[in-house]
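Tertiary structure, described
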Amino acid sequence: MSSASESMAKRKLLATIADEDSVTGLLLAGVGQISNEVGKESNFLTVIPGKTTVDQIEDAFDNFTTGRDDIAILLINQHLADLIRYKVDSYTNAFPAILEIPSKDHPYDPEKDSILKKVRRLFGE
Amino acid sequence: MTEIQSQLDKKTIELLILIDKYENVVNNNYRTNFINGFVNLSKANYEHTGRGFERRYGVDSLDLRPRLACLEVNEEFHLVDLQQKTKKEEKREQMESSLKNRKTKQTKSKSSGVEEFEEDKVKDPMLQFGGIVPYQLRQSQAFFKKAIENSLEVVKLQQEIDTLIQEIEKLR
């Protein structure tokens, strides 16, 4: 139990996998951390359409969720989460928590909200 | 049977209250803070690139030298602004050391020829875009900070709703 609380105490950072404007905005807010430590070079991935592949997004997702032990929350654009939906939906760990955030071109859509989908399924819709 | 039924009803009511709270947060502040953040960022980019020479505020203008994050999440899942915390500590240190350390020499060891990055100092991320930036960029920063606070609230509510859903499914 104490090791779980210790590992939770280490998790302080917010990581992000998002498009350019979302990353710029979140970095402006102060989320970004860059270091020379191997495996923890940066806590953000900027997805550029046509340049960033789905494999790179998957690798970043794996790194931020299981590879690193200092991430508390992973913020990922909803439209990017759709590209790796199988990974996001099968992710069951409590930490880091995953939150799908809106982007400039894809504002928040309650129809695609995963938690509201679970609620609708519960009530038989 | 009736005990299980009453427990189920109680948890369902709790779930409905949480869903109401969640939808309020998500459809109001969370959504609008992100929208305003993006709108102001676009306005700042328009202002900045209007002269035709400068690049937009984006990946190419980011400072990729080692730096610490300014925002952290504490154990209670609250956002901690390290910049504010550092400023308060510095102010407190300044007030404490007004006359006491006059005679003590404070020496810093510097390795010659190697540029030191102040990794232990938290800097305003706005500085990587320059000293004088359009005010829309500052507004965008403020909106994104609020959006991140809302995001933490959303994550907490999601976890609570998820737990309740699992408990209700077990009772059924």
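The structure we're discussing is the one just above.
Residues numbered from 1 in each chain as written. Chains lettered and ligands numbered in written order. Predicted model: local features only at pLDDT ≥ 70, side-chain atom pairs only at ≥ 80, totals over all residues. Heavy atoms only, no water.

A few words on the sheet that holds strand β3 (residues 71–77) of chain A. Strand pairing in a sheet takes place through backbone hydrogen bonds and is either antiparallel or parallel in direction. All names here are of chain A. The four strands are arranged β2-β1-β3-β4 in an open sheet whose pairing can be described as parallel. The sheet terminates laterally at β2 (44–47) and β4 (97–101), the two strands that pair on one side only. Mean inter-strand twist for the sheet, computed between neighbouring axes without regard to direction, equals 15°. Pairing between strand β1 (residues 13–19) and β3: five bridges, direction parallel. Looking at β3, one finds that L14 is bridged to I73. (Pairing = 2+ DSSP bridges. Helix = DSSP H or I, 4+ residues; strand = E, 2+ residues; numbered from the N terminus. Axes fitted to C-alpha atoms, helices over the stretch in contact; angles between N-to-C directions.)

A volume near 800 Å³ is recorded for the largest pocket. Elements with a minimum of two residues in the lining of the largest pocket: α5 (85–89), β4 and α6 (114–122) of chain A together with α1 (2–49) and α3 (135–171) of chain B. Among the elements that make up the lining of the largest pocket, the one with the highest residue count is α3 of chain B (seven residues). Along the lines of polarity and charge, the residues of the lining of the largest pocket split into 14 nonpolar, eight polar and nine charged. Taken as a whole, the second largest pocket encloses approximately 260 Å³ of empty space. Lining the second largest pocket we find 15 residues, and of these D19, V47, P49, H79 and D105 of chain A sit closest to its centre. Counting residues per element, the lining of the second largest pocket draws most heavily on helix α4 (residues 78–83) of chain A, which supplies three residues. Split by residue class, the lining of the second largest pocket holds six nonpolar, three polar and six charged. (1 Å grid on protein atoms, 1.4 Å probe; cavity = no way out; pocket = protein on both sides within 12 Å on 5 of 7 lines; lining within 4 Å. Points joined across faces, edges and corners; volume = space filled by probe spheres on them. Nonpolar A, V, L, I, M, F, W, Y, C, P; charged D, E, K, R; others polar.)

According to the stated counting rule, one finds seven aromatic pairs over all chains in the structure shown. On the basis of an interplanar angle of 80° and a centroid distance of 6.0 Å, the ring pair of F61 of chain A and Y91 of chain A is categorised as edge-to-face. Here Y91 of chain A lies in the loop between α5 and β4 and F61 of chain A lies in helix α3 (residues 54–67), a separation of 30 residues in the sequence. Neither F61 of chain A nor Y91 of chain A differs from the other in exposure class; each is buried. With a centroid separation of 6.3 Å and 25° between ring planes, the pair formed by F34 of chain B and F38 of chain B is classed as stacked. Separated by four residues within a single helix, F34 of chain B and F38 of chain B lie in helix α1, roughly one turn from each other. Here the two residues F34 of chain B and F38 of chain B agree in accessibility, since each one is buried. Here the aromatic cluster, defined as three or more aromatic residues joined through ring pairs, consists of Y108 of chain A together with Y30, F34, F38 and F144 of chain B. (Phe/Tyr/Trp six-rings, centres within 6.5 Å; stacked < 30°, edge-to-face > 60°. Buried < 20%, exposed > 50% of the residue type's maximum accessible area, 1.4 Å probe, protein only.)

A few words on empty space enclosed by the protein. Scanning the entire structure with this criterion turns up one cavity of 30 Å³ or more. What the largest cavity holds in volume is close to 80 Å³. Together, 14 residues line the largest cavity, and L27 and G32 of chain A together with R67, P125 and Q128 of chain B are the ones closest to its centre. Of the residues in the lining of the largest cavity, the class split is nine nonpolar, three polar and two charged.

Okay, the interface of chain A and chain B next. Contacts between the two partners involve 45 residues from chain A and, on the opposite side, 56 residues from chain B. Of the roughly 4200 Å² buried at the junction of chain A and chain B (both faces included), carbon and sulfur atoms supply 71%. The largest contributions to the chain A side of the interface with chain B come from L28, I34 and L122 of chain A, which together make up 17% of the buried area. For D21 of chain A, the salt bridge goes to R56 of chain B, with nearest N and O atoms at 3.3 Å. At the surface where chain A touches chain B, the tally comes to twelve residue pairs in polar contact (both at pLDDT 80 or more). If you list the elements that add at least two residues to the side of chain A that touches chain B, you get α1 (2–10), β1, α2 (20–29), β2, β3, β4 and α6 of chain A. (Contact = heavy atoms within 4.5 Å. Buried area = accessible area lost by both parts, 1.4 Å probe. Salt bridge = Lys/Arg side-chain N within 4 Å of Asp/Glu carboxyl O. Polar contact = N/O pair within 3.5 Å; in protein donor to acceptor, adjacent residues only side chain to side chain.)

Spatial relationships are all this shows, so hold off on functional conclusions.
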